[in-house]
Amino acid sequence: MSKSKKPSGNEFEFALPQEMIERQMENWVRGVLESNDELTKVLKRPRDSYCALLAGKPVRADDQILKQIEAVLQGAARMK
C-alpha cells in the first residue's frame, strides 16, 4: 500500500479537474488563433484599398470594409 502524500505547501489545489482546465485552454488558444486569422484577413483590405487608391484604381465601398473590421474587432474583444 502506498502512503498518500500531504501537500508540501508549494502545491496548488484546483477546483476544476485537470482535463477540464486543459480543454478550456485548448478552446481559448483555438479562439485566439481563429481571431488572429480573421484580423489578418480584414486588415489586408484597407491596405489593398490604399494601394489601389495610390495606383488610381477603383476601390470597394469603404463602409463595407469598415463594417467588416468592426465585426472582427468585436469578435477579438470577446476573446480577451
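Above this text you will find the structure in question.
These numbers come from a predicted model, not from an experiment.

A. Representation of the overall build of the protein in the model. Check the secondary structure of the protein and you find two helices and zero strands. Taken across its 80 residues, the protein has 12% of its residues classed as buried.

B. Inspection of helix 1 (residues 18-54) at higher detail. Compared with the 54 Å implied by 1.5 Å per residue over 37 residues, the 54 Å span of helix 1 between its first and last C-alpha is a close match. Taken residue by residue, helix 1 has Gly31, Ser35, Val42, Ser49 and Ala52 as its buried positions. Positive backbone phi, at 80°, marks glycine 56, one or two positions downstream of helix 1.

C. Spatial organisation of helix 2 (residues 62-78). Over its 17 residues, helix 2 extends 25 Å from the first C-alpha to the last, a length consistent with the 24 Å expected when each residue adds 1.5 Å. For helix 2, the set of buried residues is Ile65, Ile69, Val72, Gly75 and Ala76. End-on, the buried residues of helix 2 take up no more than an arc of 125°, which puts them together on one face. Projecting away from the buried face of helix 2 at angles above 90 degrees are the exposed residues Leu66, Lys67 and Arg78.

D. Molecular detail of the side chain of serine 35. Within the element layout of this structure, serine 35 appears in helix 1. Overall, serine 35 belongs to the buried group, its relative accessible area being 9%. If we ignore the near neighbours within four places in the chain, the residues touching serine 35 are Ala76 and Met79.

E. Region of interest: the packing of helix 1 against helix 2. Orientation of helix 1 relative to helix 2, taken along the N-to-C sense of each, is 155°, at an axis distance of 10 Å. With respect to helix 2, the axis of helix 1 lies roughly antiparallel. In the crossing of helix 1 with helix 2, the sense of the turn from one axis to the other is left-handed. In this structure, helix 1 uses Ser35, Glu38, Leu39, Val42, Arg45, Pro46 and Ser49 to contact helix 2, whose residues at the interface are Ile65, Gln68, Ile69, Val72, Leu73 and Ala76. Taken together, the residues that form the contact of helix 1 with helix 2 break down as eight nonpolar, three polar and two charged.

F. Molecular detail of the side chain of serine 49. Following the sequence through the fold, serine 49 ends up in helix 1. Residue contacts for serine 49: discarding those within four places in its chain leaves Val59 and Ile65.

The rules behind each value
Residues numbered from 1 in each chain as written. Predicted model: local features only at pLDDT ≥ 70, side-chain atom pairs only at ≥ 80, totals over all residues. Heavy atoms only, no water. Helix = DSSP H or I, 4+ residues; strand = E, 2+ residues; numbered from the N terminus. Buried < 20%, exposed > 50% of the residue type's maximum accessible area, 1.4 Å probe, protein only. Expected span 1.5 Å × (residues − 1). Arc of directions from axis to C-beta. Contact = heavy atoms within 4.5 Å. Axes fitted to C-alpha atoms, helices over the stretch in contact; angles between N-to-C directions. Parallel < 35°, antiparallel > 145°, perpendicular 65-115°, else oblique. Left-handed = near helix turned anticlockwise from the far one by under 90°. Nonpolar A, V, L, I, M, F, W, Y, C, P; charged D, E, K, R; others polar.

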